[in-house]
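Understanding the architecture of this molecule
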Amino acid sequence: RCSRCRCLPQEHVPARAEGYDPNSPEQLAERRKHDVRLLPPDERAAVFKAKGDHAYKERNYRTAYLEDTRAIEATPDNHVLMGNRCQAYLKVGRVEEALRDAERAVDLAPEWPKGHYRLGICLQQNEERTDGAHVVVSAKGLLSMAQTAEWRISNKQVRTPSTSASVRVATC
């Protein structure tokens, strides 16, 4: 019953208008504006990715990895989403989860330099420095092939076990 006039809800608003079909294309289009679950998977992932990117920029890393997780649920084979969630996990210190995401990103896109870089950083933070150095070196080799990637170079030095030459580690 209504708290204001004690009537039934059907008395205020008609339960169904004439000709109302909840599954009609017009009604679905109207509901899609307000319910993300009704969007196609790629569009749904784009919405969640945008929310995750915004949260990451605001340094709200927990929200960022939660939104990236929702985006990954919509499109599980997207290497960029895996890389984004990996980075958010690294920021909150969840290295094991970040390592799994980095490995998955590299499996999905072996030619993607940022995936190799993030895998190397995960291995370094997981105290597997030798493996991490090799991965960062391979990421650097991929980076030289990918002319469009932009990277900032930090002052960290990593020694590779096969050579005594030092390699600069790129950071995102």
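The rules we used
- Residues numbered from 1 in each chain as written.
- Predicted model: local features only at pLDDT ≥ 70, side-chain atom pairs only at ≥ 80, totals over all residues.
- Heavy atoms only, no water.
- Helix = DSSP H or I, 4+ residues; strand = E, 2+ residues; numbered from the N terminus.
- Contact = heavy atoms within 4.5 Å.
- Areas by Shrake-Rupley, 256 points an atom, 1.4 Å probe, with all protein chains shown as cover.
- Disulfide = S-S within 2.5 Å.
- Buried < 20%, exposed > 50% of the residue type's maximum accessible area, 1.4 Å probe, protein only.
- Salt bridge = Lys/Arg side-chain N within 4 Å of Asp/Glu carboxyl O.
- Expected span 1.5 Å × (residues − 1).
- Lys, Arg positive; Asp, Glu negative; His and termini not counted.
- pLDDT = per-residue confidence, 0-100.
- Core = buried A, V, L, I, M, F, W, Y, C linked by side-chain atoms within 4.5 Å.

A separate point is the overall build of the protein. Within the protein, the secondary structure is distributed over 8 helices and 2 strands. The contacts of the protein with a sequence gap of at least 6 include a subset with a gap of at least 24, amounting to 43%. Total accessible area on the protein is roughly 11300 Å²; 49% of this is exposed by carbon and sulfur atoms.

As a further point, take the state of the cysteines. As enumerated under the stated definition, the model contains 0 disulfides in all. Free cysteine: C86, not disulfide-bonded; nearest cysteine sulfur from C122 at 3.6 Å. The exposure class of C122 is buried, given its relative accessible area of 0%.

Within the structure shown, the criterion is met by 7 salt bridges. R37 is paired through a salt bridge with D35; the nearest N and O atoms lie 2.9 Å apart. Residue class for R37 comes out exposed when judged on its relative accessible area of 66%. Measuring nitrogen to oxygen at the nearest pair gives 2.8 Å for the salt bridge that ties R104 to D77. Taken together, the residues R104 in helix α6 (residues 95-108) and D77 in the loop between α4 (61-74) and α5 (79-92) connect sequence positions 27 residues apart. Owing to a relative accessible area of 32%, R104 belongs among the partly exposed residues under this scheme.

With that settled, the discussion passes to α4. Compared with the 20 Å implied by 1.5 Å per residue over 14 residues, the 20 Å span of α4 between its first and last C-alpha is a close match. Looking at the buried positions of α4, the neighbouring elements they touch are α3 (41-57) and α5.

Next up on the list: the environment of T75. You can see T75 is positioned in the loop between α4 and α5. Owing to a relative accessible area of 12%, T75 belongs among the buried residues under this scheme. T75 sits 33 residues away from D42 along the chain, and the two C-alpha atoms are 6.6 Å apart.

Mapping R44 onto the fold places it in helix α3. For the buried R44, which has no salt bridge, the nearest side chain bearing the opposite charge is E73, at an N-O separation of 7.6 Å.

Since one α-helical turn is 3.6 residues long, residues separated by three or four positions face the same way. Here helix α7 (residues 113-125) is 13 residues long and its end C-alpha atoms lie 18 Å apart, about the 18 Å a rise of 1.5 Å per residue gives. When you tally the buried positions in α7, you get 11 out of 13 residues, the bulk of the element. Buried within α7 are the following residues: P113, G115, H116, Y117, R118, L119, G120, I121, C122, L123 and Q124. E127 sits one or two residues past α7 and shows a positive phi near 65 degrees.

Our next topic: the confidence of the model for the protein. Detailed reading of the predicted coordinates is not advisable wherever pLDDT falls low. On average, residues of the protein score 77 in pLDDT, and 65% of them reach the 70 mark or higher. Element-level mean pLDDT values for the protein span from 38 in strand β1 (residues 152-159) up to 97 in α4. Contacts for the low-pLDDT stretch residues 145-172, under 50 throughout, to residues beyond four places or in other chains number 54 contacts.

What follows deals with the nonpolar core. Grouped together as the largest cluster of nonpolar side chains are 16 residues, with contacts concentrated most on C86, L90, A98, L99, A102, L119 and C122. If you list the elements that add at least two residues to this core, you get α4, α5, α6 and α7. Once you skip the residues sitting within four places of it in the chain, A98 turns out to touch C86, Y89, L90 and C122.

A separate point is unusual backbone geometry. In this structure, R59 is a non-glycine residue whose phi angle is positive, near 65 degrees. Given a relative accessible area of 67%, R59 falls into the exposed group.

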